[in-house]
Amino acid sequence: MSSSSTINGAPAGHTVLQTGRPFPAAFSAAPERHGESPFLGVKKLGVWTAISWSEAATAVRETAAGLVALGVRPAQRVAIVSHSRAGCFIVELAILSVGAVAVALSPDHGVAIPALCRTIEATTVFVEGAELSSLWRTSPNANEPPPTLLIRIDAVPPGKQGSLDLTAVRARADVGTREEANNRLAETLSDSIAIGSFSAGTTAPPSVAWHSHSDVFAACRAVQARVPFTQEDTKLCFLSWARAAERLMCLYLPMLAGMRVDFAEGLDTVPENLREVSPTIVTATVGQLNTLRRSVDDALSEAGRLPQAAFRWAYACGEERMAEILAGRVPSGWLSLRWAIARRFVLANSRRYMGLDRCRHLIALEGSVPPGLARWYLYQGIPVVQVWGTTAALGVAAVNALPDWRFDATGRPVAHAAVSLEPGTGSLRIRDADSGHLGTIDSEGFIKLTGRAVERLRTQSGAEIPASRIQDRLREPALIRDAPVFGDGRPFPSAIVLLSREAVERRMHRQGVPFADYQELARKSEVRELIQAEIDAVNAELDGAVQLRGFHILDVDLEPGGEEMTPTVRLRRWALEPRLRGHLEALYT
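Residues numbered from 1 in each chain as written. Predicted model: local features only at pLDDT ≥ 70, side-chain atom pairs only at ≥ 80, totals over all residues. Heavy atoms only, no water.

A. Structural view of the overall build of the protein. Secondary structure summary: the protein contains 21 helices and 28 strands in total. Whereas a compact globule of 589 residues would reach a radius of gyration of roughly 25 Å, the protein reaches 24 Å, a difference of no more than 12%. Dimensions of the protein, computed from C-alpha atoms along their principal axes, come out at roughly 70 × 65 × 55 Å. Expressed as a percentage of the 589 residues in the protein, the buried residues total 56%. (Helix = DSSP H or I, 4+ residues; strand = E, 2+ residues; numbered from the N terminus. Rg over C-alpha atoms; globule rule 2.2 N^0.38 Å. Buried < 20%, exposed > 50% of the residue type's maximum accessible area, 1.4 Å probe, protein only.)

Below, the structure written as structure tokens:
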């Protein structure tokens, strides 16, 4: 057992992952250790209930035997199209138990799902909900071959003929299929392919990466070495199951650590579910962290002068304390006393309001976390962790965490990713393959991302445009959802701006600006002035040659997973540019 950091509030020791076996074999032994302890938490009819380790193990075994009865073969690719649900956990381990390969797709891929399933030759598909199960019967997928087996993860309504759900799959199990499933479990090798993960498709159409059981174990151990998961921890899952790092931290790491995992009802209920569950580990995007911060800012703005002054004082104590920690010094007794008072009587309220009062790992799955946002959480005593990686590395190639957190870096590489810098090009390589990212690695081993290779832009005069840095900075104030930068071969850079609808609507309501719908909102001069102010702030940090001198605000509120936006809420440059060519040209005339 190795010690865990007291900064993160971890217990005296943390779980050491015992690897070397395929995951289903590792899971099959878990009930002996954890028995009837709660494992998977779900909210039903307004009440949180838990599935025990023993119940989950029984469900996995019965589902695996049912899959054998339905003809699922070893090495066969089986797709899971669902948001993060407890059923995904059962299904994925059942698929692996029979020697098949589990491939996760986000429901936000929408009408592209049938084509993606065909690409990976998935003839058995698990889906969540009737809408997804009908995709193969609607345009433009009428000519796509339907899956041989289409199984609902959620319950099929009574009386609906011809539809299978998990209950029906488990009912297919018998003595013979159970024995066959056990035999396959025993025959599964650690180096056999276990799962497939699709890329988000930010800079190119989505592609799939394949990972063996050993690969997944290696990624788990890499995270565990920097961000220990323990049996005493709990986690709330709400990011896409298709996201490689989220799958790792919602299923595989919690399973190995023996901890409880709760599942949010939906993205719209995450703030409420966080307050109800109060998890110790949370994974989120920068956008979601901004949303939580905004909720506290809004509450403070209505709280009166005394609470506002108290928060400013407590925040300043946190800033002073964190400066000492990051400098490698132990805070003085006087500072520790002030911090204890600030944390207990002031900051505990904001932490509790966000549902982060017990949080010891707030993990941002991003290549860039705005320094101001990281400071806001760190100064309240919420340990922020930044995890970055490509799909090929299961989303984990570098980790930025206390006690050596760096505001100006992405983090230090983890062992399994084998990150290196290609001489002369600035390209980062992960596991000896081009990652598609540009960056630097300093003398202390810290990676700093500088952009994506496909976004390596230069102005007409030859000045290199820091496109990723500009884009990340524009997203920081939470008024802008995304803002890809253009301008290769042009006189100056420009940007396409997608508004953060709720934040901008709130600002306009406060100013008394009327609007009928989103289209009218996006075209308001007051909104343009608001965005111009944000761009001016970013331009102040840039050399004159690469300052943004033009922008176009999208007047369509795009949804994640569509043709123009990834499930991770990034605009797809390759899909967006042809559609908006006229608007881009107008910025240069």
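B. Structural view of the state of the cysteines. According to the stated counting rule, one finds one disulfide in the structure shown. Covalent S-S linkage joins Cys237 and Cys250, the inter-sulfur distance amounting to 1.9 Å. Judged by the sign of its S-S torsion, about -130°, the cystine formed by Cys237 and Cys250 is left-handed. One end of the pair, Cys237, is in strand 12 (residues 234–237); the other, Cys250, is in helix 10 (residues 244–257), with 13 residues separating them in the sequence. Cys250 shares its class with Cys237; the two are buried. No disulfide involves Cys220; its sulfur sits 12 Å from the nearest other cysteine sulfur, which is in Cys250. Here Cys359 stays free of any disulfide, with the sulfur of Cys237 as its closest cysteine sulfur at 13 Å. (Disulfide = S-S within 2.5 Å.)

C. Representation of the side chain of Ser97 within the structure. Its location among the elements puts Ser97 in helix 4 (residues 86–97). Here Leu93 takes part through its backbone oxygen, which lies 2.7 Å from a polar atom of the side chain of Ser97. Setting aside anything within four residues of it in sequence, one finds Ser97 in contact with Pro24, Val60, Ala64, Ala181, Arg184 and Leu185. (Polar contact = N/O pair within 3.5 Å; in protein donor to acceptor, adjacent residues only side chain to side chain. Contact = heavy atoms within 4.5 Å.)

D. Structural detail: the environment of Ala57. Looking at the secondary structure, you find Ala57 in helix 3 (residues 53–69). Ala57 sits in the buried class, given a relative accessible area of 3%. With 33 residues separating them along the chain, Ala57 and Ile90 place their C-alpha atoms 8.3 Å apart. Dropping the residues within four chain positions of it, Ala57 is found in contact with Phe27 and Pro31.

E. Focus on the side chain of Lys43. Relative to the helices and strands, Lys43 is located in strand 3 (residues 38–44). Within the structure, the side chain of Lys43 is placed 3.1 Å from the side chain of Glu272, a separation counted as a polar contact. At a separation of 2.7 Å, a polar atom in the side chain of Lys43 contacts the side chain of Glu276. Residues in contact with Lys43, not counting those within four places in the same chain, are Trp48, Glu265, Glu272, Asn273 and Glu276.

F. Quick peek at the nonpolar core. Formed by 125 residues in total, the largest nonpolar core has its most connected members in Phe27, Ile95, Phe229, Met249 and Tyr377. With 11 residues, the top contributor of residues to this core is helix 10. Not counting residues up to four positions away in its chain, the partners in contact with Met249 are Val223, Phe229, Lys235, Pro254, Thr283, Ile363, Leu365, Val387 and Val396. Ranked by size, the runner-up nonpolar core spans 43 residues in total, among them Leu498, Ala522, Leu584 and Leu587. (Core = buried A, V, L, I, M, F, W, Y, C linked by side-chain atoms within 4.5 Å.)

G. Inspection of the packing of aromatic side chains at higher detail. For the structure shown, the criterion picks out 12 aromatic pairs. Geometrically, the ring pair formed by Phe39 and Phe89 is edge-to-face, given 5.0 Å between the ring centres and 90° between the ring planes. Here Phe39 is found in strand 3, whereas its partner Phe89 is found in helix 4, with 50 residues between them in sequence. As far as burial versus exposure is concerned, Phe39 and Phe89 are alike and both buried. Ring geometry for Phe311 versus Tyr315: centroids 6.0 Å apart, planes at 25°, classification stacked. One end of the pair is Phe311 and the other is Tyr315, both in helix 13 (residues 305–326) and four residues apart, which spans about a single turn. On the accessibility criterion, Phe311 (10% relative accessible area) is buried. Grouping aromatic residues by their ring pairs yields a cluster made of Phe27, Phe39, Trp53 and Phe89. (Phe/Tyr/Trp six-rings, centres within 6.5 Å; stacked < 30°, edge-to-face > 60°.)

H. Quick peek at the sheet that holds strand 22 (residues 447–452). Overall, antiparallel pairing links the four strands, which are arranged 19-20-21-22 in an open sheet. Taken across any chain shown, the strands that pair with only one partner, and hence form the sheet edges, are strand 19 (419–421) and strand 22. If you compare each strand with its neighbour and ignore which way they point, the axes differ by 45° on average. Note: strand 20 (residues 427–430) against strand 21 (residues 433–441), three bridges, orientation antiparallel. By the bridge assignment, Ile430 is partnered in strand 21 with Ala433. (Pairing = 2+ DSSP bridges. Axes fitted to C-alpha atoms, helices over the stretch in contact; angles between N-to-C directions.)

I. Local environment of the packing of helix 4 against helix 10. Closest axis-to-axis distance for the helix 4/helix 10 pair is 11 Å, and the angle between their directions is 70°. Taken together, the axis directions place helix 4 and helix 10 in an arrangement best described as roughly perpendicular. As for how helix 4 packs across helix 10, the hand of that crossing is right-handed. On helix 10, the residues that touch Phe89, Glu92, Leu93 and Leu96 of helix 4 are Arg247, Cys250, Leu251, Tyr252 and Met255. (Parallel < 35°, antiparallel > 145°, perpendicular 65-115°, else oblique. Left-handed = near helix turned anticlockwise from the far one by under 90°.)

J. Layout of the confidence of the model for the protein. In this model, the protein carries an average pLDDT of 88, and 93% of its residues clear a pLDDT of 70 or more. Element-level mean pLDDT values for the protein span from 34 in strand 1 (residues 2–3) up to 97 in strand 12. (pLDDT = per-residue confidence, 0-100.)

K. Region of the structure containing helix 16 (residues 467–475). For helix 16, a buried count of seven out of nine residues is recorded, marking the element as mostly surrounded by other parts of the structure. Within the sequence span of helix 16, burial applies to Ala467, Ser468, Ile470, Gln471, Asp472, Leu474 and Arg475.

L. Main features of unusual backbone geometry. Following Leu402, the chain continues into Pro403 via a peptide bond in cis, with omega recorded as 10°. The phi torsion at Ala75 lies on the positive side, around 70°, for a residue other than glycine. Residue position: Ala75 is located in the loop between helix 3 and strand 5 (77–81). For Ala75, a relative accessible area of 55% translates into the label exposed. For Ala418, which is not a glycine, the phi torsion comes out positive at approximately 50°. Inspection of the secondary structure puts Ala418 in the loop between strand 18 (412–413) and strand 19.

M. Here's a closer look at the pairing of strand 7 (residues 124–127). Side-chain alternation along strand 7 places Thr124 and Phe126 on one buried face and Val125 and Val127 on a second face that is also buried. Relative to strand 7, strand 5 runs parallel, the two sharing four bridges. Paired with Val81 across the bridge in strand 7 is Val127. Sheet topology places strand 7 next to strand 8 (residues 149–152); four bridges connect them, and they run parallel. Residue pairing for strand 8: Thr124 is matched across the bridge by Leu149.

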